[in-house]
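# Report on the structure
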Amino acid sequence: MNDMENMPQEELQQEVPAAEETAETVAEETTGKKKKEKKVDIKKTLENLLSTEKKLEEVQTELDSTKDAFQRTLAEYDNYRKRTAKEKTENFNLGKIQAVTALLPVLDTLEFALNAPCQDESYKKGIEMVMTQAMNAFNSMGVEKIEAVGTEFNPNFHAAVMQEESEEFESGFVTKELQKGYKMGDKVIRPSTVAVAQ
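Notes on the structure in this doc start here. (Residues numbered from 1 in each chain as written. Predicted model: local features only at pLDDT ≥ 70, side-chain atom pairs only at ≥ 80, totals over all residues. Heavy atoms only, no water.)

### Focus: the sheet that holds strand β6 (residues 192-197)
Taken together, three strands build an open sheet; the order of strands is β2-β6-β3 and the sheet is mixed. Edge positions in the open sheet fall to β2 (158-164) and β3 (174-179), since each of these has one partner strand only. Direction aside, the axes of adjacent strands within the sheet are offset by 30° on average. Here β2 pairs with β6 via six bridges, running parallel. Across the sheet, histidine 158 pairs through a bridge with serine 192, a residue of β6. (Pairing = 2+ DSSP bridges. Helix = DSSP H or I, 4+ residues; strand = E, 2+ residues; numbered from the N terminus. Axes fitted to C-alpha atoms, helices over the stretch in contact; angles between N-to-C directions.)

### What about the environment of glutamate 111?
Its place among the elements puts glutamate 111 in helix α2 (residues 9-115). By relative accessible area, which is 16% here, glutamate 111 ends up buried. In the structure, glutamate 111 is positioned 69 residues away from lysine 180 in sequence and 9.9 Å away in space, judged by C-alpha atoms. Ignoring any residue separated from it by four or fewer positions in sequence, one finds glutamate 111 in contact with Met131, Lys180 and Tyr182. (Buried < 20%, exposed > 50% of the residue type's maximum accessible area, 1.4 Å probe, protein only. Contact = heavy atoms within 4.5 Å.)

### A closer look at the sheet that holds strand β5 (residues 187-190)
One open sheet accounts for three strands, arranged β1-β4-β5; its pairing is antiparallel. With one partner strand each, in any of the chains shown, β1 (143-145) and β5 form the two edges of the open sheet. Within the sheet, the average angular offset between the axes of one strand and its neighbour, ignoring direction, is 35°. Sheet analysis places strand β4 (residues 182-184) next to β5, joined by three bridges and oriented antiparallel. By the bridge assignment, tyrosine 182 is partnered in β5 with arginine 190.

### Quick look at the nonpolar core
Within the largest apolar cluster, 15 residues are counted, with the highest numbers of intra-cluster contacts made by Val100, Leu104, Leu107, Val143 and Ile189. Broken down by secondary-structure element, the contributors of at least two residues to this core are α2, α3 (121-140) and β4. Broken down by element, the residue count for this core peaks at six residues, all from α2. Setting aside chain neighbours within four positions, we find valine 143 in contact with Val100, Phe138, Tyr182, Lys183, Met184 and Ile189. (Core = buried A, V, L, I, M, F, W, Y, C linked by side-chain atoms within 4.5 Å.)

Any functional reading would require information that these geometric values do not contain.
See below:
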């Protein structure tokens, strides 16, 4: 500072532009570095963005794949649940049908006993009560008698064992029921054994 004060005015005026030039050069160099640094920062930022976008796409692909697998598993489980419920119902109905089939000969015997001539009214009353209880039990399981006499012969419900002349019924209609048939819903447990009008 003392040197500059002691300098003559002319020299001082020459030193000022030189100092200004040096300051401008330093400022330009600093700004250039900052621009380069900014360019480098932008380039790194773009690279980071592209990298992040690529990772995001990979994560999205993995997420879609996992979602698809989950939906397939859910659909398979739903199908399994429905199939299992259906099989359970079918097995239950099959068990009922087997039980009813095993008891039908007992029901037939009760019916023969009920239709047999009998002098003892209390005995006959007892058979009627047992028959009524048996039919109520069958009805509670959904078992019904198949209509036969007076209906048109249907091979799905009737088993024809004979044909006969009939003035009462038209040809193709059931005239007699030799053994009762039973069904559970649409499933025939035992067809009715019948005679059909010629």
